[in-house]
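The residues making up each chain are set out below.
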Amino acid sequence: MPIRQLPPEVAGKIAAGEVVERPASVVKELVENSIDAHATDIRVEIRAGGTRLMRVTDNGRGIPRDQVPLAFARHATSKLADVEDLDHITSLGFRGEALASIAAVSQVSLLTRPHEQTMGQRIQVHGGQITKQEGRGCPAGTVAAVEHLFQNVPARLKFLRKSQTEAGHIHRVVSHYALAYPEIRFSLTTDGRQTFQSTGNGKLYDVLIAVYGLQVAEQLLAIEGTDNDSASSSPEPASSALNLSVSGYTSSPTLHRANRRYITLFVNRRWIQDRSLTYAVAQAYHTLLQVGRHPVAVILLELPPAEIDVNVHPTKREIKFRDGRLVFNAVQRAVRRTLLDSASVPSFTGQPRTWSS
Ligand code: ADP
Ligand code: MG
């Protein structure tokens, strides 16, 4: 076959494959958009594990009338203007391809109204094509509804798991964003039944109770603030130079799990996966937990956006640190210090110690 430029529909579907792996990827992108729109209330509704319907309703900024169709164009974003912006991304989205990708493999309808406009807009996009746009009265904010996911991509449809499994992945996405944003009220309704809710009162501990239950939450220890104070007693280069803060909660050694799935990491409030940092947390429990047992932890890292590259993974689940070793050490030290501080054994109350990897 000669080399040919692929028709836009085919190229669109291929690109969508990177972003939209399963229903939970759609919910993730829609929830990120709601967060980026400064919503304080985000409601997620799903049917049949998201295959029949995923609807995200927010009270965020909305999209101005004339920009509604543009939101579905590839590489169309309001979050990035030039190449320099890539070095200090503070929003969750920035590539402008989520809505385009989702719309390429499903039927989307979006109802949106910015606070300052009296009339909202409703737009329908089927398989990437805008089929309808009309004015509609609606509350300020945005409702994005996605139906018939992958109906036009039989190969993907085959890989979908049972509704219950897909719903579980969605539950994980919603509850994790609730952990990262305790000031936002989240709810998840699955087949008409509310399966998760956070209050949005700003207290991480309350979200921990909502996600893991009171019994687990009671065995979690607060990780105190920044790593800066240990810089002077540490032979490591001061991580304060990096302006890194580590906070969150980590389990007392009485609480453990059979795998590391319960170690959750957020970097600048983005939920990420990072084997090395997960290991840093687990390692801090060295000698405190039996081999094969792992802690429960929610670790929140804050560092200047210029210190990380969030543009290295199609779904942004992995990021790159400019100095991964410093971050590793800071996480391990913060967790270890929390464990030592909480221990009633007198010899454990001394100076923070440095734990090498
Ligand atoms: P990105 O988030 O990377 O910018 P998306 O395709 O997810 O790309 O969204 C495109 C644009 O549509 C966003 O930049 C934003 O301006 C607008 N948008 C999408 N969802 C919402 C929402 N829930 N509220 C307000 N604006 C939204
Ligand atoms: Mg987005």
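Worth saying up front: this structure is predicted, and the values here are computed from it rather than measured.

Let us now look at helix α9 (residues 324–342). For α9, which comprises 19 residues, the first-to-last C-alpha distance of 27 Å matches the rise-based estimate of 27 Å (1.5 Å per residue) to within 8%. Most of α9 sits inside the fold, with 15 of its 19 residues counted as buried.

Another aspect to go through is the nonpolar core. One recurring pattern in soluble globular proteins: nonpolar side chains tend to sit buried together. Core analysis: the largest hydrophobic core is formed by 61 residues, its most contacted members being I35, I42, V44, F72 and F186. The dominant element in this core, judged by the number of residues it contributes, is helix α5 (residues 163–180), at eight residues. Sequence-distant contacts of F186, that is, excluding residues within four places in its chain, are made with V31, I35, I42, V174, Y177, A178, Y181, F196, Q197 and S198. Within the second largest apolar cluster, 34 residues are counted, among which are A280, A282, A284 and I299.

Let's shift gears to the packing of aromatic side chains. The description of an aromatic ring pair uses the distance of the two centres, along with the angle that the planes make with each other. In the structure shown here, the tally under the stated rule is two aromatic pairs. For the pair Y205 and Y249, a centre-to-centre distance of 5.7 Å together with 45° between the ring planes defines the contact as tilted. Here Y249 lies in strand β10 (residues 245–251) and Y205 lies in helix α6 (residues 204–212), a separation of 44 residues in the sequence. Under the relative-accessibility criterion, Y205 is labelled partly exposed at 27%. Relative to F328, the ring of Y279 lies with its centre 6.4 Å away and its plane at 40°, an arrangement referred to as tilted. Of the two residues, Y279 sits in helix α8 (residues 275–283) while F328 sits in helix α9, which places them 49 residues apart along the sequence.

We now examine a nonpolar patch on the surface. A contiguous nonpolar patch, built from L6, V10 and I14 and spanning about 260 Å² of accessible area, is present on the exposed surface. Within the secondary structure, V10 is located in helix α1 (residues 8–19). Classification of V10 by relative accessible area gives partly exposed; the value is 35%.

Now for the sheet that holds strand β13 (residues 297–302). With respect to topology, five strands assemble into an open sheet ordered β9-β10-β13-β11-β12, the strand pairing being mixed. Here the strands that pair on one side only, and so sit at the sheet edges, are β9 (220–223) and β12 (270–272). Taking each pair of neighbouring strands and ignoring which way they run, the sheet shows an average axis angle of 20°. The strands touched by α6 are β9, β10, β11 (263–267) and β13; relative to β10, the strand with the most contacts, the crossing angle is about 40°.

This paragraph deals with the sheet that holds strand β6 (residues 141–147). Reading across the sheet, the eight strands line up as β5-β4-β3-β6-β2-β1-β7-β8 and stay open at both edges, with mixed pairing between neighbours. Whereas interior strands pair on both sides, the edge strands pair on one side only; in this sheet they are β5 (129–136) and β8 (193–197). Neighbour-to-neighbour, the strand axes of the sheet open up by a mean angle of 15°, direction not taken into account. Note that strand β1 (residues 41–47) and strand β2 (residues 53–58) share six bridges and pair antiparallel. Of the residues in β2, the one forming a bridge with E45 is R55. Its contacts with the sheet put α5 on β1, β2, β7 (185–190) and β8, and the angle it makes with β7 is roughly 170°.

With that settled, the discussion passes to empty space enclosed by the protein. Per the counting criterion, the structure on display carries two cavities of 30 Å³ or more. Forming the boundary of the largest cavity are L86, D87, H88, I89, P305, I308, D309, V310 and N311. Taken together, the residues of the lining of the largest cavity sort by class into five nonpolar, two polar and two charged.

Right, let's get into the environment of A222. The topology assignment puts A222 in strand β9. Measuring from C-alpha to C-alpha, the distance between A222 and G248 comes to 5.9 Å, with 26 residues separating the pair along the chain. Apart from residues no more than four positions distant in its own chain, A222 is found in contact with G248, Y249 and T338.

Around ligand 1, the structure places 18 residues, and the nearest of them are N33, T77, S78, K79 and G96. Note that a nitrogen atom of ligand 1 is positioned 2.9 Å from one of the side-chain N or O atoms of D58. By residue class, the composition of the shell around ligand 1 is seven nonpolar, seven polar and four charged.

A word on the pairing of β5. Relative to β5, strand β4 (residues 120–126) runs antiparallel, the two sharing seven bridges. From the neighbouring strand, H126 faces β5, where its bridge partner is Q129. With antiparallel pairing between neighbouring strands as the criterion, β4 and β5 make up a hairpin whose turn holds two residues, including G127 at a positive phi of roughly 50°.

Viewed as axis vectors pointing N to C, α5 and α6 meet at an angle of 165°, and their least axial separation amounts to 9 Å. Comparing their axes, α6 and α5 come out roughly antiparallel. Considering the relative orientation of α5 and α6, their crossing is left-handed. Of α6, the residues touching α5 (which contributes S175, A178 and L179) are L204, V207, L208, V211 and Y212. Looking at the contact of α5 with α6 residue by residue, the class counts come to seven nonpolar, one polar and no charged.

Parameters at a glance
Residues numbered from 1 in each chain as written. Chains lettered and ligands numbered in written order. Predicted model: local features only at pLDDT ≥ 70, side-chain atom pairs only at ≥ 80, totals over all residues. Heavy atoms only, no water. Helix = DSSP H or I, 4+ residues; strand = E, 2+ residues; numbered from the N terminus. Expected span 1.5 Å × (residues − 1). Buried < 20%, exposed > 50% of the residue type's maximum accessible area, 1.4 Å probe, protein only. Core = buried A, V, L, I, M, F, W, Y, C linked by side-chain atoms within 4.5 Å. Contact = heavy atoms within 4.5 Å. Phe/Tyr/Trp six-rings, centres within 6.5 Å; stacked < 30°, edge-to-face > 60°. Patch = residues over 30% accessible without salt bridge, like charges linked within 9 Å, V, L, I, M, F, W, Y side chains within 5 Å. Areas by Shrake-Rupley, 256 points an atom, 1.4 Å probe, with all protein chains shown as cover. Salt bridge = Lys/Arg side-chain N within 4 Å of Asp/Glu carboxyl O. Pairing = 2+ DSSP bridges. Axes fitted to C-alpha atoms, helices over the stretch in contact; angles between N-to-C directions. 1 Å grid on protein atoms, 1.4 Å probe; cavity = no way out; pocket = protein on both sides within 12 Å on 5 of 7 lines; lining within 4 Å. Points joined across faces, edges and corners; volume = space filled by probe spheres on them. Nonpolar A, V, L, I, M, F, W, Y, C, P; charged D, E, K, R; others polar. Near = heavy atom within 4 Å. Polar contact = N/O pair within 3.5 Å; in protein donor to acceptor, adjacent residues only side chain to side chain. Parallel < 35°, antiparallel > 145°, perpendicular 65-115°, else oblique. Left-handed = near helix turned anticlockwise from the far one by under 90°.

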